[in-house]
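# Fold and geometry: a report
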Amino acid sequence: MPPTRTTPARRGRPGYDLESLLSVAVKVFNERGYEATSMEDLSRKLGITKSAIYHHVASKDELLRIAVDRALDGLFEAAAETTVMSGKAIDRLEFLVRRSVHVLVDRLPFVTLLLRVRGNTKAERAALARRREFDRLVTELVLQAEAEGDIRPDVDPAVTARLLFGLVNSLTEWYRPRGGMGADALADAVCKIAFDGLRQPTGD
């Protein structure tokens, strides 16, 4: 990811750096839709000129890329942690689910935007490619857990991976940080529901 440019805008309302610009842009993208939002819309919402926005980013597409990478980078950091862990694959899979819930809670607007990407622009297509790579990593963990006898073998591993993270992703539809469950409690709930159904019966 290119270095973040944090030089304050020289025109328009002072105080907008890239982070605050990104925060407002993601909120508007989620409310109005990315395609339906123009740079003029962002300019009015921020109360600054379009040229002040272009001081930080080259285009609306670049704003989207930075935003969805914020979500994807968190997921891939979580996946990287599982590669250095020892122990059974199902435990590493559960760890990845837990960490992904934390990423979602910590970066909720960015994850929400990522899940609405449809592939209509270069930035969206790049995001979808990274999502597919993440899905592949999850599927590999499911395969390993199945080979170790800890996950039922009667469901296709790719389907299991999609269903599992479909459960995580569904949190964006209803989870609200204020007054809601914390990330740990939310991760506990997801894992109890998911893994009690995934584990191979012991045959007692």
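The structure this text deals with has already been given above.
Residues numbered from 1 in each chain as written. Predicted model: local features only at pLDDT ≥ 70, side-chain atom pairs only at ≥ 80, totals over all residues. Heavy atoms only, no water.

The next subject is the overall build of the chain. Each helix and strand counted, the chain has 10 helices and zero strands in total. Secondary structure elements of the chain occur, N-terminal to C-terminal, as α-α-α-α-α-α-α-α-α-α. Relative to its 204 residues, the chain shows a buried fraction of 44%. A sequence separation of at least 24 residues applies to 71% of the contacts in the chain between residues at least 6 apart. Here the chain displays about 10800 Å² of accessible surface, and carbon together with sulfur accounts for 53% of that area. (Helix = DSSP H or I, 4+ residues; strand = E, 2+ residues; numbered from the N terminus. Buried < 20%, exposed > 50% of the residue type's maximum accessible area, 1.4 Å probe, protein only. Contact = heavy atoms within 4.5 Å. Areas by Shrake-Rupley, 256 points an atom, 1.4 Å probe, with all protein chains shown as cover.)

Scanning the entire structure with this criterion turns up four aromatic pairs. Aromatic pair Phe29 and Tyr34: ring centres 5.1 Å apart, planes at 80°, arrangement edge-to-face. Considered together, Phe29 and Tyr34 belong to a single accessibility category, that of buried residues. For the pair Phe76 and Phe134, a centre-to-centre distance of 5.9 Å together with 70° between the ring planes defines the contact as edge-to-face. Of this pair, Phe76 sits in helix α4 (residues 60-83) while Phe134 sits in helix α7 (residues 122-147); the two residues are 58 residues apart in sequence, bridging distant segments of the chain. One exposure class covers both Phe76 and Phe134, and it is buried. One aromatic cluster is present, formed by Phe76, Phe134 and Phe165 through successive ring pairs. Its guanidinium or amino end placed over the ring of Tyr34, Lys60 lies 4.3 Å from that ring's centre, counting from NZ or CZ. Its guanidinium or amino end placed over the ring of Phe110, Arg70 lies 5.4 Å from that ring's centre, counting from NZ or CZ. (Phe/Tyr/Trp six-rings, centres within 6.5 Å; stacked < 30°, edge-to-face > 60°. Lys NZ or Arg CZ within 6 Å of the ring centre and 35° of its normal.)

Assignment of secondary structure puts Asp41 in helix α2 (residues 39-46). By relative accessible area, which is 12% here, Asp41 ends up buried. A distance of 2.9 Å separates a polar atom in the side chain of Asp41 from the backbone nitrogen of Ser38. There is a polar contact of 2.7 Å between the side chain of Asp41 and the side chain of Arg44. (Polar contact = N/O pair within 3.5 Å; in protein donor to acceptor, adjacent residues only side chain to side chain.)

A few words now on the pattern of salt bridges. Under the counting rule described, the total for this entry stands at 18 salt bridges. A salt bridge links Asp41 to Arg32; its shortest N-O distance comes to 3.3 Å. On the basis of relative accessible area, Arg32 is assigned to the partly exposed category, the value being 48%. Measuring nitrogen to oxygen at the nearest pair gives 3.7 Å for the salt bridge that ties Arg44 to Glu40. (Salt bridge = Lys/Arg side-chain N within 4 Å of Asp/Glu carboxyl O.)

As a further point, take the environment of Glu77. You can see Glu77 is positioned in helix α4. The class for Glu77 is partly exposed, based on a relative accessible area of 43%.

The element helix α6 (residues 108-115) is extensively covered by neighbouring structure, given that seven of its eight residues are classed as buried. Within α6 the residues assigned to the buried category are Leu108, Phe110, Val111, Thr112, Leu113, Leu114 and Leu115. Of the surrounding secondary structure, the elements contacted by the buried residues of α6 are α1 (18-32), α4, α5 (89-106), α7, α8 (157-169) and α9 (171-174).

Our next topic: the side chain of Arg92. Its place among the elements puts Arg92 in helix α5. As a buried residue without a salt bridge, Arg92 has its nearest oppositely charged side chain in Glu148, at a separation of 4.5 Å. (Lys, Arg positive; Asp, Glu negative; His and termini not counted.)

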